[in-house]
Amino acid sequence: MLDDLAFAALAIFLSSWLVISALCQIPRDIEKWEATGLERWIRTRDVCGLVPRWHFFAPTPATDDLHLLYRDRLPDGRITRWRQIPPGASPKWIGPVWNPRRRQNKALIDISVELGKTAVALAGDTAGIQLSLAYIATLNFVSSLPRDHRADGTQFLIMRSKGMDEDMDHRVIFLSPMHSSEPALSAR
């Protein structure tokens, strides 16, 4: 009897939690992703933070692809061709369950947004942009990639496109200056 009562109480709790969570995911105004009065009422009483905020579809979903490219400068002054860092993709059959490479794609999106905001906020101040965490992280990542051992400089580019079609609009979001890849300290 006690087991049946505990099972029923747990089932009621979990069912209620599911319904409340689902109700809190429906915005009143999809353009502004504004909460309904019911959601605000629930969230003010959710002191333990049990009701999640999952917005499966953003108010303005991404419609462009982002690409991170890099190239190197060789000691004779020649510049190599741009090489794209391929987006992370897991096998389709396991992707919904296990997809560790999606973090690389998310990081690229976040860094692109942050670099864009920083560039606007600093009005093109190159030195200030190069001190931002997003810039340093991107440069560090690009610098750690395999490359021609003779390279003495590297540069990266973040580009936005409308898809795989080469005739589609491609826009440069951010272009870094060429950075020296020589060691800062020399061993003597």
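See the structure printed just above.
Residues numbered from 1 in each chain as written. Predicted model: local features only at pLDDT ≥ 70, side-chain atom pairs only at ≥ 80, totals over all residues. Heavy atoms only, no water.

1. Description of the overall build of the protein
Part 1 of the argument: Helix and strand content of the protein: five helices and five strands.
Part 2 of the argument: The helix and strand sequence of the protein, counted from the amino end, reads α-α-β-β-α-α-α-β-β-β.
Part 3 of the argument: Burial statistics for the protein: of 188 residues in total, 27% are counted as buried.
Part 4 of the argument: Of all intrachain contacts in the protein linking residues separated by at least 6 positions in sequence, the fraction that spans at least 24 positions is 52%.
Part 5 of the argument: Element-wise, carbon and sulfur atoms account for 63% of the exposed surface of the protein, whose accessible area totals about 13,900 Å². (Helix = DSSP H or I, 4+ residues; strand = E, 2+ residues; numbered from the N terminus. Buried < 20%, exposed > 50% of the residue type's maximum accessible area, 1.4 Å probe, protein only. Contact = heavy atoms within 4.5 Å. Areas by Shrake-Rupley, 256 points an atom, 1.4 Å probe, with all protein chains shown as cover.)

2. Digging into the nonpolar core
Part 1 of the argument: By size, the foremost hydrophobic cluster in this structure holds 16 residues, and its most contacted members are Leu68, Leu115, Tyr135, Phe156 and Phe174.
Part 2 of the argument: It is helix α5 (residues 133-143) that contributes the most residues to this core, four residues altogether.
Part 3 of the argument: Those residues within four positions of Leu115 in sequence are excluded, and the remaining contacts are Ile129, Ser132, Ala134, Tyr135, Thr138, Phe156, Ile158 and Phe174. (Core = buried A, V, L, I, M, F, W, Y, C linked by side-chain atoms within 4.5 Å.)

3. Some points on the side chain of Thr138
Part 1 of the argument: Counting through the fold element by element, Thr138 comes out in helix α5.
Part 2 of the argument: Within the structure, Thr138 has its side chain in polar contact with the backbone oxygen of Ala134 (distance 2.8 Å).
Part 3 of the argument: Once residues lying within four places of it in the same chain are set aside, the contact partners of Thr138 are Leu68, Ile111, Leu115 and Phe156. (Polar contact = N/O pair within 3.5 Å; in protein donor to acceptor, adjacent residues only side chain to side chain.)

4. Quick notes on the environment of Ser161
Part 1 of the argument: Assignment of secondary structure puts Ser161 in strand β3 (residues 153-161).
Part 2 of the argument: Sequence-wise, Ser161 and Asp64 are 97 residues apart; in three dimensions their C-alpha atoms are separated by 5.5 Å.
Part 3 of the argument: Beyond its immediate stretch of four places on either side in the chain, Ser161 contacts Asp64, Asp65, His67, Asp169 and His170.
Part 4 of the argument: Here His67 takes part through its side chain, which lies 2.7 Å from a polar atom of the side chain of Ser161.

5. Some points on the pattern of salt bridges
Side chains bearing opposite charge may pair, as long as their charged atoms lie close to each other.
Part 1 of the argument: This model, assessed by the stated rule, comprises six salt bridges.
Part 2 of the argument: Arg83 is paired through a salt bridge with Asp72; the nearest N and O atoms lie 2.7 Å apart. One end of the pair, Arg83, is in strand β2 (residues 83-85); the other, Asp72, is in strand β1 (residues 65-73), with eleven residues separating them in the sequence.
Part 3 of the argument: According to the relative accessible area criterion, Arg83 is partly exposed, its value standing at 22%.
Part 4 of the argument: Linking Asp72 and Arg147 is a salt bridge whose minimum nitrogen-to-oxygen distance equals 2.9 Å. Linking Asp72 in strand β1 with Arg147 in the loop between α5 and β3, this pair joins segments that are 75 residues apart in sequence.
Part 5 of the argument: Using a relative accessible area of 0% as the deciding quantity, one classes Asp72 as buried.
Part 6 of the argument: It is possible to trace a salt-bridge network through shared partners that takes in Asp72, Arg83 and Arg147. (Salt bridge = Lys/Arg side-chain N within 4 Å of Asp/Glu carboxyl O.)

6. Considerations on the environment of Arg83
Part 1 of the argument: Separated by twelve residues in the primary sequence, Arg83 and Arg71 place their C-alpha atoms 6.2 Å from one another.
Part 2 of the argument: Apart from the residues within four sequence positions on either side, Arg83 is in contact with Leu68, Leu69, Tyr70, Arg71, Asp72, Pro146 and Arg147.

7. With respect to the pairing of β1
Part 1 of the argument: Sheet topology places β1 next to β3; nine bridges connect them, and they run antiparallel. Its bridge partner being in β3, Leu68 is matched across the sheet by Ile158.
Part 2 of the argument: Pairing geometry for β1 and β2, over three bridges, is antiparallel. Its bridge partner lying in β2, Leu68 is registered against Ile85. (Pairing = 2+ DSSP bridges.)

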